[in-house]
Amino acid sequence: MMPVIAVYSLKGGVGKTTLAVNLAWAAAALSARRTLLWDLDAQGGASFILGSGKASRDSAKALFSKDITADRLIQPTAHERLDLLAADASLRGLDRLFFDLGKKRRLARLLETLCHDYERVILDCTPGLTETSEQVMRAADVILVPVIPSPLSQRALDEVVAFLDRQTGRHAALLPVHMMVDRRRALHRAGVEANPDWPAIPMASAVEQMAVERAPVGSFAPRTPAAEAFAALWRGIERRLSRMDAKAKPSGR
């Protein structure tokens, strides 16, 4: 089993990349899992934080047209057991490629080729409801949706839920996560209190420092509330994956 965890939102600016990078690091460092972070966002935020900084070869899209293989593009990061499939500007044409290919499970099939090399895959997804996001929803086992405690962010989550409800057949488990929570704000307090079972990641200077350090919070500020919140969230995801694995296994009778 190689669970695929997608971090996805209709909205940008809700902490999607922050969540993906820190969960990928937690999978590798805290769970000692061989982990791949696949950056599907042409903005390449996760690739900037974890990547080598070398110039892009504009080949990320070519993986989907099978003009290049994943092993040619995967790069190690500075963190043990954590690899990166970096984004580049070519991904801006990925929706059009998926449409032209007409292959509804191309991403899922590519992920299957990685199952012998990795135990966990984290997808940092592009925002919006697109051909790419539909591929992600078919391929993922768990979809994490970052939600800032505000009406617009909540509305974006509701649209994702409505979209999945309209789909036939199996779809991934959905897990909303409150991001950038500032409990000094009445709106944020009300949002968190309305959904007390959702994991919550606090607004924190350590999170903002990620782009400066070019590293996950847990690697440079492990004792901060933000690092502890990411770690707790990851432990919850691992428990969920364990339950899913147990249900998938035959009873032995």
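What counts, and at which threshold
Residue indices follow the written sequence of each chain, beginning from 1 at its first position. Local features in this predicted model are restricted to residues whose pLDDT is 70 or higher, and side-chain atom pairs enter the listing and the counts only when it is 80 or higher, whereas totals over whole chains, interfaces and linings include all residues. Neither water nor hydrogens contribute to the side-chain values; these are computed over all heavy atoms in the structure. In this description a helix means any DSSP run of H or I spanning at least four residues, a strand means any run of E spanning at least two, and both kinds are numbered starting from the N terminus. By definition here, a helix of n residues has an expected span of 1.5 Å times n minus one. Exposure is judged per residue with a 1.4 Å probe applied to protein chains only, and the accessible area is read against the type maximum: over 50% gives exposed, under 20% gives buried, and values in between give partly exposed. Directions drawn from the helix axis to the C-beta atoms are what define this arc. Throughout, disulfides are identified as pairs of cysteine sulfur atoms within 2.5 Å of each other. Here a cavity is any set of points on a 1 Å grid over the protein atoms alone where a 1.4 Å probe fits but cannot get out, and a pocket is any open set with protein on both sides within 12 Å along at least 5 of 7 lines; a residue lines the site when it has an atom within 4 Å of a point. Grid points are joined across faces, edges and corners, and a volume is the space filled by probe spheres set on the points. All amino acids are sorted into three groups, where Ala, Val, Leu, Ile, Met, Phe, Trp, Tyr, Cys and Pro are nonpolar, Asp, Glu, Lys and Arg are charged, and the leftover types, Gly among them, are polar. Contacts between residues were defined by any pair of non-hydrogen atoms, one from each residue, lying within 4.5 Å. A pair of aromatic rings is counted whenever rings of Phe, Tyr or Trp (Trp by its six-membered ring) have centres within 6.5 Å, and the orientation is called stacked for planes under 30 degrees apart, edge-to-face for over 60 and tilted otherwise. Every angle, taken between N-to-C directions, lies between 0 and 180 degrees, and every axis is a line fitted to C-alpha atoms, over only the stretch in contact when it is a helix. For classification purposes, angles smaller than 35 degrees are called roughly parallel, those larger than 145 roughly antiparallel, those between 65 and 115 roughly perpendicular, and all remaining angles oblique. Nonpolar cores are built from buried Ala, Val, Leu, Ile, Met, Phe, Trp, Tyr and Cys residues. Side-chain atoms within 4.5 Å join them into one set.

Q: How should helix α7 (residues 151-166) be read in this particular structure?
A: For α7, spanning 16 residues, the distance from its first C-alpha to its last is 23 Å, which sits close to the expected 22 Å at 1.5 Å a residue. Taken residue by residue, α7 has S153, A156, L157, V160, F163 and L164 as its buried positions. Taken down its axis, α7 places every buried residue within 120 degrees of arc, on the same side. More than 90 degrees from the buried face of α7, the exposed residues found are P151, L152, R155, D165 and R166.

Q: Looking at this model, I keep getting lost on the state of the cysteines. Mind explaining?
A: Note: disulfide means a covalent bond formed between the sulfur atoms of two cysteine side chains. Using the criterion set out here, one finds zero disulfides in the structure. Of all cysteine sulfurs, the one in C125 lies closest to C115, which takes part in no disulfide; the gap is 20 Å. When its relative accessible area of 35% is taken as the criterion, C115 is described as partly exposed. Here C125 falls in the buried class, since its relative accessible area comes to 2%.

Q: What is the right way to read the layout of surface pockets from this model?
A: Any space left empty among the atoms is revealed by the rolling of a water-sized probe across them. For the second largest pocket, the calculated volume is near 330 Å³. As for the second largest pocket, its lining consists of 20 residues, of which G15, K16, T17, T18 and M180 are closest to the centre. Only α1 (16-29), β7 (173-181), β8 (200-202) and α9 (205-208) provide two or more residues apiece to the lining of the second largest pocket. Ranked by residue count, the leading element in the lining of the second largest pocket is α1, at three residues. Taken together, the residues that form the lining of the second largest pocket break down as nine nonpolar, seven polar and four charged.

Q: How do you make sense of helix α4 (residues 94-101) when you look at a structure like this?
A: One full turn of an α-helix is made of 3.6 residues, so residues set three or four places apart face in the same direction. Taken together, the buried positions of α4 are occupied by L94, L97 and F98. The buried residues of α4 occupy one face: seen down the axis, they fall within an arc of 100 degrees. When the buried face of α4 is taken as reference, the exposed residues oriented beyond 90 degrees from it are R96 and F99. Each element contacted by the buried residues of α4 is listed here: α5 (106-112) and α6 (131-139). Immediately downstream of α4, the backbone of G102 shows phi near 70 degrees, a positive value.

Q: Can you help me understand the packing of aromatic side chains in this one?
A: Aromatic ring pairs are described here by two measures, namely the spacing of the ring centres and the angle between the planes. Within the structure shown, the criterion is met by two aromatic pairs. Seen in terms of ring centroids, W38 and F64 are 5.7 Å apart; in terms of plane orientation they differ by 25 degrees. Their pairing is stacked. Note that W38 is positioned in strand β2 (residues 35-39) and F64 in the loop between α2 (45-50) and α3 (70-73), a separation of 26 residues in sequence. The exposure class assigned to F64 is buried, which follows from its relative accessible area of 1%. Ring centres of F64 and F98 lie 5.3 Å apart, and the angle between their planes is 80 degrees; this geometry places the pair in the edge-to-face category.

Q: When you look at the packing of α4 against α6 in this model, what are you seeing that I'm missing?
A: Packed helices, taken two at a time, are described by the angle their axes make and the gap between the axes. At a closest axis distance of 8 Å, the pairing of α4 and α6 adopts a crossing angle of 70 degrees. Here α4 lies roughly perpendicular to α6, going by the angle between them. Of α6, the residues touching α4 (which contributes L94, D95, F98 and F99) are E131, T132 and Q135. Split into classes, the residues belonging to the contact of α4 with α6 amount to three nonpolar, two polar and two charged.

Q: Just checking my understanding: could you explain the environment of A42 for this structure?
A: Take A42: it is sitting in the loop between β2 and α2. Separated by 44 residues in the primary sequence, A42 and A86 place their C-alpha atoms 9.3 Å from one another. Setting aside residues up to four positions removed in sequence, A42 forms contacts with D88, L91 and R92.

Q: Please explain the nonpolar core as it appears in this structure.
A: Most often, soluble globular proteins have nonpolar side chains that are buried together. Ranked by internal contacts, the top residues of the largest apolar core, which has 45 residues, are W38, L63, F64, L107, L111, L114 and L123. When neighbours within four sequence positions are excluded, L107 is seen to be in contact with W38, L40, F64, L123, Q135, V136 and A139. Among the nonpolar cores identified, the runner-up in size contains 38 residues, and M179, A206, V217 and F230 belong to it.

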